[in-house]
Amino acid sequence: QKEVEQDPGPLSVPEGAIVSLNCTYSNSAFQYFMWYRQYSRKGPELLMYTYSSGNKEDGRFTAQVDKSSKYISLFIRDSQPSDSATYLCAIAGGTSYGKLTFGQGTILTVHP
Amino acid sequence: DTGVSQDPRHKITKRGQNVTFRCDPISEHNRLYWYRQTLGQGPEFLTYFQNEAQLEKSRLLSDRFSAERPKGSFSTLEIQRTEQGDSAMYLCASSLKRGGVQGTPDTQYFGPGTRLTVL
């Protein structure tokens, strides 16, 4: 079993839709949760960073963590074509705070 | 552009050859990380340095792989006797670990990656 599971999609939505992206993880020792966005042929860029259960909002993006279910989500409101990218969840903690463990990534396309 | 640079951006080599990649982190960052990403997968951790000390290595990092950060600034990743399975994007990231803040991960800033193709 992978430490982090993420549905690879692909996910295709119309412009303006609300997008929901999800990951599950297996090790309750993980305490820190991140979402990265990766455009084609680029390195990942950090979108959201949270370490507690609950919601964290930043503009059109909301990160949600449920530690009891080991489930993390990213919601994108009013999605735009420029949001088309691969979204990667990443977790840290346990025995290593340097290493990030990534999910497989979900490919999102927002069409006009 | 995050400020992390990698060179070369693309490398094509024949099986059995040695290759070396370079990463220049954001100048004040004391931590440097290497990840490998294959098509359709998320990045996989390989190793990381704090200054010149290599603090952690993944089991993925076989004895054909070696990484150095000799002066605590740039880093090199060498792959000896390349195999077709080594074809991947090699990503470098850097972060600033502040003293006294233990047990929390830093924000890692990624470079554009080096795409390796082994024929």
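Read on for a plain summary of the structure.

Here is what the cut-offs are and how they apply
- Residues numbered from 1 in each chain as written.
- Chains lettered and ligands numbered in written order.
- Predicted model: local features only at pLDDT ≥ 70, side-chain atom pairs only at ≥ 80, totals over all residues.
- Heavy atoms only, no water.
- Helix = DSSP H or I, 4+ residues; strand = E, 2+ residues; numbered from the N terminus.
- Rg over C-alpha atoms; globule rule 2.2 N^0.38 Å.
- Buried < 20%, exposed > 50% of the residue type's maximum accessible area, 1.4 Å probe, protein only.
- Contact = heavy atoms within 4.5 Å.
- Lys, Arg positive; Asp, Glu negative; His and termini not counted.
- Charge placed at Lys NZ, Arg CZ, Asp CG, Glu CD.
- Pairing = 2+ DSSP bridges.
- Axes fitted to C-alpha atoms, helices over the stretch in contact; angles between N-to-C directions.
- Buried area = accessible area lost by both parts, 1.4 Å probe.
- Salt bridge = Lys/Arg side-chain N within 4 Å of Asp/Glu carboxyl O.
- Polar contact = N/O pair within 3.5 Å; in protein donor to acceptor, adjacent residues only side chain to side chain.
- Core = buried A, V, L, I, M, F, W, Y, C linked by side-chain atoms within 4.5 Å.
- Disulfide = S-S within 2.5 Å.

1. Description of the overall build of chain B
The secondary structure content of chain B amounts to 0 helices and 11 strands. In chain B, the order of α-helices and β-strands from amino to carboxyl end is β-β-β-β-β-β-β-β-β-β-β. In terms of overall dimensions, chain B is globule-like: its C-alpha atoms have a radius of gyration of 14 Å, near the 14 Å expected for 119 residues. Over its C-alpha atoms, taken along the principal directions, chain B stretches across nearly 45 × 30 × 30 Å. Burial analysis of chain B (119 residues in total) assigns 47% to the buried set. The contacts of chain B with a sequence gap of at least 6 include a subset with a gap of at least 24, amounting to 56%. Computed over 16 positive and 13 negative side-chain charges, the separation of the two mean positions in chain B equals 3 Å.

2. What about the sheet that holds strand S1 (residues 4–6) of chain A?
Residue and element names in this part refer to chain A. Spatially, 5 strands are ordered S1-S3-S8-S7-S6 in an open sheet, and the strand pairing comes out antiparallel. Strands with a single pairing partner mark the edges of an open sheet, and in this sheet they are S1 and strand S6 (54–58). Between one strand axis and the next, the sheet turns by 20 degrees as a mean value, whatever way the strands run. The sheet contact formed by strand S7 (residues 61–66) and strand S8 (residues 71–76) spans 6 bridges and is antiparallel. Among the inter-strand pairings, phenylalanine 61 is bridged to a residue of S8, identified as isoleucine 76.

3. Let's talk about the interface of chain B and chain A
Counting residues at the interface gives 22 residues for chain B and 20 residues for chain A. Taking both sides of the interface into account, the surface hidden between chain B and chain A amounts to around 1,700 Å²; carbon and sulfur atoms contribute 54%. Inspection of the chain B/chain A interface yields 0 salt bridges. Our enumeration of links across chain B and chain A arrives at 7 residue pairs in polar contact (both at pLDDT 80 or more).

4. As for the nonpolar core
By size, the foremost hydrophobic cluster in this structure holds 24 residues, and its most contacted members are A:Trp35, A:Ile72, A:Leu74, A:Ile76 and A:Tyr87. Formed by 19 residues, the second largest nonpolar core is a distinct cluster that contains B:Phe65, B:Ala67, B:Leu77 and B:Cys92.

5. Comments concerning the pattern of salt bridges
All names here are of chain B. Under the counting rule described, the total for this entry stands at 8 salt bridges over all chains. Measuring nitrogen to oxygen at the nearest pair gives 2.8 Å for the salt bridge that ties aspartate 24 to arginine 22. With a relative accessible area of 32%, arginine 22 lands in the partly exposed category. For arginine 31, the salt bridge goes to aspartate 106, with nearest N and O atoms at 3.6 Å. One end of the pair, arginine 31, is in strand S4 (residues 31–37); the other, aspartate 106, is in the loop between strand S9 (88–95) and strand S10 (109–110), and 75 residues separate them in sequence. The class for arginine 31 is buried, based on a relative accessible area of 8%.

6. Overview of the state of the cysteines
For the structure shown, the criterion picks out 2 disulfides over all chains. For A:Cys23, the disulfide goes to A:Cys89, at an S-S distance of 2.0 Å. The sign of the -100 degrees torsion about the S-S bond sets the A:Cys23-A:Cys89 disulfide as left-handed. Of this pair, A:Cys23 sits in strand S3 (residues 19–25) while A:Cys89 is found in strand S9 (residues 85–93), placing the two residues 66 residues apart along the sequence. Using a relative accessible area of 1% as the deciding quantity, one classes A:Cys23 as buried. In this model B:Cys23 forms its disulfide with B:Cys92; the gap between the sulfur atoms is 1.8 Å. In this structure the cystine formed by B:Cys23 and B:Cys92 twists about its S-S bond by roughly -65 degrees; its chirality is therefore left-handed. Of this pair, B:Cys23 sits in strand S3 (residues 19–24) while B:Cys92 sits in strand S9, placing them 69 residues apart in sequence. Residue B:Cys92 is classed as buried on the basis of its relative accessible area, which comes to 0%.

Read these as geometric descriptors, not functional statements.
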